Amino acid sequence: MDEQIRQFINSTLESEDKRDWKERLLKPETGDLLRLDLMFVGGQSLSDIILGHVTDKALDPSVIEAYRLQYPELSHQTSFVHEVQKLAGDPDRLRGFFSGVKGKLFEVEYRDYLNHGHLPAGYIAELSAKANEPGVDILIKDDYGHVHEQLQAKAFETLAGVKEHIERYPNITPVIIPHDQVELANTEHLGGFIEGAPSTTDHLNDTVHHAIDQSVVQAGVHLPWVGFSFMAGEVAYLLWKGKPVSFEKIVKRGTKMTIAAVAGQIATMVAHSTWVGIPVAVTTRILLERYTKAVDFIHWLEAKRKWANSWALSRITDSLAVAD
């Protein structure tokens, strides 16, 4: 047998394991590195669930009350947190939801303000919940439950809503607006129809934004820092033990982990369920490993093909030279 052919066969047997190629490509991988990466990806997903498991009880109670008052039917079906997470991918609907909660929060805060020492003795402020009282948000009642005054609360970015209310309900005054809008109302000659509340537009915006941010703290796409921390710990352990570390392989594994984690996060957002992300992330990591093995095997076959072609060409060249 030709010595080059013998070396080719020996190098092939030595460089590859003895499994059939179908077994190598199709059977589940169980290598130590893959097992570690699956643990890191799973740990990242569990961390996302724990960190993102915010409940309504952890949020500002005034915001939650405003949500329940503004959306009574919806709030019986789903929590504020889940509704925000569901709307996170739809900015227009989330903006409308934000506006509704903000407007009701203004009413809730002004009611509480009045009931904390800013009404005559025996008087109480209540939010109007009757459908037959249009244009009324807050009722001031005396000791006997009689309505002493009716108020409308407007926390809009512009005063268009205030003007519309005055035109439609001229007998229901004053209109309560945030303190930072009073100056603008006076310049538009609305001073006789409005009263300022201690709240400001910025305060209302910040309060509702904070609650929404808390609700979606882990609902978006983010780097798998927990998984990276696990991998860094693995590298530190190997260095401490004096074992060889291939930083090129570490970077490749980190890239695969990132792709798997992001796939899990996207699945979580689409399904609106944090538990969907774990199997998606783990499966993605396994498929990436399978894909890498397939690509490596193709490259190996290509190298062997090129060697065979080169060898055949050299034999043909040698034969032609001898013939000449």
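Preceding this paragraph is the structure being described.
Each chain has its residues counted from 1, running along the sequence as written. Note on the predicted model: pLDDT of at least 70 is required for a residue's local features to be given, and 80 or more for side-chain atom pairs to be given and counted; whole-chain, interface and lining totals, by contrast, use all residues. Calculation of side-chain values draws on the structure's entire complement of heavy atoms; hydrogens and water are dropped beforehand.

### Digging into the pairing of strand β4 (residues 175-178)
What counts here: Should DSSP find at least two bridges between two strands, the strands are taken to pair. By the criteria applied, helices consist of DSSP H or I runs no shorter than four residues and strands consist of E runs no shorter than two, each listed in order from the N terminus.
Note: strand β3 (residues 147-153) against β4, two bridges, orientation parallel. Bridging from a neighbouring strand, Gln152 pairs with Val175 of β4.

### Quick word on helix α4 (residues 61-70)
For clarity, the cut-off: Using a 1.4 Å probe on the protein chains alone, a residue whose accessible area is under 20% of its type maximum counts as buried, one over 50% counts as exposed, and one in between counts as partly exposed. Whether two residues are in contact is decided by their heavy atoms: any pair within 4.5 Å suffices. Think of a polar contact as two N or O atoms within 3.5 Å of one another; within protein, one of them needs to be a possible hydrogen donor and the other a possible acceptor, and neighboring residues in sequence only count if both atoms come from side chains.
When we look at burial in α4, the residues that qualify are Ser62, Val63, Ile64, Ala66 and Tyr67. Residues of α4 that are buried in the fold lie against α5 (72-77), α6 (80-87), α7 (91-115) and α10 (201-215). For α4, the side-chain oxygen to backbone nitrogen distance between the N-cap and Ser62 is 2.9 Å, and the N-cap itself is Asp60.

### So, the pattern of salt bridges
Applied cut-off: Salt bridges are defined by distance alone: a side-chain nitrogen of Lys or Arg within 4 Å of a carboxyl oxygen of Asp or Glu.
All chains considered together, the criterion is met by 12 salt bridges. For Glu83, the salt bridge is made with Lys86, and the minimal N-O distance between the two is 3.3 Å. Residue Glu83 and its partner Lys86 are both found in helix α6; the two are separated by three residues, about one turn of the helix. Between Lys104 and Glu107 there is a salt bridge, with its nearest N and O atoms 3.0 Å apart. Here the residue Lys104 and the residue Glu107 both occupy positions in helix α7, the gap between them amounting to three residues, near one helical turn. Comparing Lys104 with Glu107, the two get one shared label, buried. When salt bridges that share partners are traced, they join Glu65, Arg111 and Asp112 into one network.

### Considerations on unusual backbone geometry
The residue His189 is not glycine, and still its phi comes out positive at about 60°. Here His189 lies in the loop between α9 (182-187) and β5 (194-197). When its relative accessible area of 69% is taken as the criterion, His189 is described as exposed.

### Some thoughts on α10
As a reminder, the rule being used: Each helix should span, by expectation, one fewer than its residue count multiplied by 1.5 Å. Note: the arc covers the axis-to-C-beta directions of the helix.
Look at α10: 21 Å from first C-alpha to last across 15 residues, which is about the 21 Å you get at 1.5 Å a residue. Inspection of α10 places Thr201, Leu204, Asn205, Thr207, Val208, Ala211, Ile212 and Ser215 among the buried residues, and these make up the whole buried set. Axial view of α10: buried residues confined to an arc of 165°, hence all on one face. Exposed and facing more than 90 degrees away from the buried side of α10 are Asp202 and Asp206. For α10, the elements touching its buried residues are α4, α6, α7 and β4.

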